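Remarks on the overall topology
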Amino acid sequence: MENYIYLDYNATTPVDREVLEAMLPCLSQQFGNPSSNYPLGQQAYKAIQQAREQVGALINVSADEIVFTSGGTESNNLAILGVAYANQSKGKHIITSSIEHPAVINVCKFLESKGWEVTYLPVDKNGRVNPEDVEETIRPDTVLVSIMHANNEVGTIQEIKKIGEITSQNNVLFHTDAAQSLGKIETQVDLFHVDLLSIAGHKLYAPKGVGALYVKKGVHLQNITWGASQEKGLKPGTENVAHIVALGKACELARQQLKVSQDHLLAMKMQLLNGLKVHLDNVWVHGQPEMCLPNTLSMAIEGVSAFHLAEKLSSKVAISTGSACHANTINVSSVLKAMQVDEKRALSTVRLSVGKYTTREEIDRAVSEIVKAVTELK
Ligand SMILES: Cc1ncc(COP(=O)(O)O)c(C=O)c1O
């Protein structure tokens, strides 16, 4: 894979070397069970507590508001199902958006099948939810609003602070899926009026299969799995100590590196976009640049099938498409559909996402590979 250019950091990130170094001892010498009372166990317990502090510090909340999970998907399930089940006496109405990740949408669909009512708010052509729509949709039986912080496909950042003000004024719990925003943009929970926030380790240089859910003090969740009392009974089972330690370290690094990282990501993205625009005159960028993740470039190269482009590039550059091919039929992404992108443009849409290891030299090579592939496909 030498010389391979990875431009799909929104799909996943490699594990940071410092993160790997932090977690490895937990797999060998420091292998104790955190529930054991002798020193080996207590060492593991302390390692988890340190990780809890590190995760809390990144989003500016206290450590005891962090619940470790197996990733973004589980955090979203725990937040939504946990609130829904715990608040049935208040009501069974949930508000979300039409551009959420399947780890939110499909949980809502499941609840609909069990008698809950879900409102899927529309988005504008830039992929943004109008906070006024949230306000107008809240009813006396609304128990939860779940709106993602930043979208994985197009990078659109939502007006979380405004939405949070509305939900807190109306006494409705607010969950945000921050899997894509953490480590890329400022995510200060105390400024957002958020009650629950989902974190996915592998999007911020920790391993796959670990995540966390911030649960604001005083918010009651019904557990969705049953076992012993780990993680206040919300994630029962012996803790994945190594991965939790890795997530803690990754969050510490993300906090220390945020400013530098943001500047770097934006510089790489702009070099990529400007480089492509020099050679291609049919590029259409989705979303508003100032309300977009600094690392995410979602664009249509008109007249070119994104699927064929990604396929052609696949041995040299990793990119993702705005559409998925299943059994020889190509489905337009539901996010682009919700943004009312016409089908032709959606089928030409690629997502390029840079990361902290992306270099200027890689971007130069990526531009020439993409331009070459586009020219050949045309
Ligand atoms: C916005 C968003 N939410 C949730 C998830 C799911 O996270 P995980 O893969 O850790 O389950 C992802 C991963 O693609 C994501 O992008």
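Residues numbered from 1 in each chain as written. Predicted model: local features only at pLDDT ≥ 70, side-chain atom pairs only at ≥ 80, totals over all residues.

**Topic: helix α9 (residues 306–313)**
Among all positions in α9, only Ala306, Leu309, Ala310 and Leu313 are buried. Buried residues along α9 cover an arc of 95 degrees about the axis, so they all sit on one side. (Buried ≥ 20, exposed ≤ 12 C-beta atoms within 10 Å, placed from the backbone. Helix = DSSP H or I, 4+ residues; strand = E, 2+ residues; numbered from the N terminus. Arc of directions from axis to C-beta.)

**Brief notes about the domain arrangement of the protein chain**
Taken domain by domain, the protein chain comprises domain 1 (5–12 + 258–377) and domain 2 (17–254). Contact residues are listed per partner, giving 23 residues for domain 1 and 25 residues for domain 2. Mapped onto the side of domain 1 that touches domain 2, the elements with two or more residues apiece are α8 (241–279), β10 (296–301) and α10 (334–338). By residue number, the principal contributor to the side of domain 1 that touches domain 2 is α8, which donates four residues. Counted by class, the side of domain 1 that touches domain 2 contains nine nonpolar, 13 polar and one charged residues. (Domains from an automatic or database assignment. Contact = placed C-beta atoms within 7 Å. Nonpolar A, V, L, I, M, F, W, Y, C, P; charged D, E, K, R; others polar.)

**So, the sheet that holds strand β3 (residues 93–97)**
In spatial order, the strands read β2-β8-β7-β6-β5-β3-β4; together these seven strands make up an open sheet with mixed pairing. The open sheet has two edge strands, β2 (66–69) and β4 (117–121), and neither has a second partner. Ignoring which end each strand starts from, the neighbouring axes of this sheet average 20 degrees apart. Pairing geometry for β3 and strand β5 (residues 142–146), over four bridges, is parallel. Among the inter-strand pairings, His93 is bridged to a residue of β5, identified as Thr142. (Pairing = 2+ DSSP bridges. Axes fitted to C-alpha atoms, helices over the stretch in contact; angles between N-to-C directions.)

**Looking at the pairing of strand β7 (residues 196–200)**
With five of five residues buried, β7 lies mostly within the body of the structure. A two-sided burial pattern is seen for β7, the buried positions comprising Leu196, Ser198 and Ala200 on one face and Leu197 and Ile199 on the other. With three bridges joining them, strand β6 (residues 173–177) and β7 adopt parallel strand pairing. Note that in β7 the partner of His175 across the bridge is Leu196.

**What to know about the environment of Thr187**
When you line up the elements, Thr187 lands in the loop between β6 and α7 (189–192). Given 24 C-beta atoms within a 10 Å radius, Thr187 is considered buried. For the pair formed by Thr187 and Met148, sequence separation is 39 residues and the distance between their alpha carbons is 12 Å. Filtering out sequence-adjacent residues up to four positions away, Thr187 remains in contact with Ile59, His149, Ala178, Ser181 and Leu182.

**What about helix α6 (residues 160–169)?**
Burial in α6 covers these residues: Ile160, Ile163, Gly164, Ile166 and Thr167. What you see down the axis of α6 is that its buried residues fit within an arc of 160 degrees, all on one side. Those residues of α6 hidden inside the fold are in contact with α5 (131–137), β5, β6 and α7.

**Thoughts on the environment of Val350**
If you trace the backbone, Val350 turns up in strand β15 (residues 349–353). Note on Val350: 22 C-beta atoms within 10 Å, which makes it buried. Distance from Val350 to Ile301, taken between C-alpha atoms, is 7.8 Å for residues 49 residues apart in sequence.

**Structural notes on the packing of helix α3 (residues 72–86) against helix α4 (residues 102–113)**
Running from N to C, α3 and α4 point in directions that differ by 35 degrees, and their axes come no closer than 9 Å. Considering only the axes of α3 and α4, their crossing is right-handed. In this structure, α3 contributes Gly72, Thr73, Asn76, Asn77, Ile80, Leu81 and Ala84 to the contact, and α4 contributes Ala103, Val104, Val107, Cys108 and Leu111. Here the contact of α3 with α4 is built from residues that sort into eight nonpolar, four polar and no charged. (Left-handed = near helix turned anticlockwise from the far one by under 90°.)

**Structural notes on the nonpolar core**
Of all hydrophobic cores here, the largest spans 114 residues; its most connected members are Tyr214, Val245, Ala246, Leu247 and Ala250. Per-element tally for this core: the top contributor is α8, with 14 residues. Both domains that furnish three or more residues to this core are identified here as domain 1 (5–12 + 258–377) and domain 2 (17–254). Beyond its immediate chain neighbours, meaning those up to four positions away, Val245 contacts Ala22, Met23, Cys26, Ala47 and Ala51. (Core = buried A, V, L, I, M, F, W, Y, C linked by C-beta atoms within 7 Å.)

**Section: the packing of helix α2 (residues 39–59) against α8**
Pairs of packed helices are described in terms of their axes, by the angle between the two and the distance that separates them. The geometry of α2 relative to α8 is characterised by a closest axis approach of 8 Å and an angle of 30 degrees between their N-to-C directions. As for the relative orientation of α2 and α8, their crossing is left-handed in sense. Contacts between α2 and α8 involve Ala44, Ala47, Ile48, Gln50, Ala51, Gln54, Val55, Ala57 and Leu58 from the former and Val241, Ile244, Val245, Leu247, Gly248, Lys249, Cys251, Glu252, Ala254 and Arg255 from the latter. Within the contact of α2 with α8, the residues separate by chemical class into 13 nonpolar, three polar and three charged.

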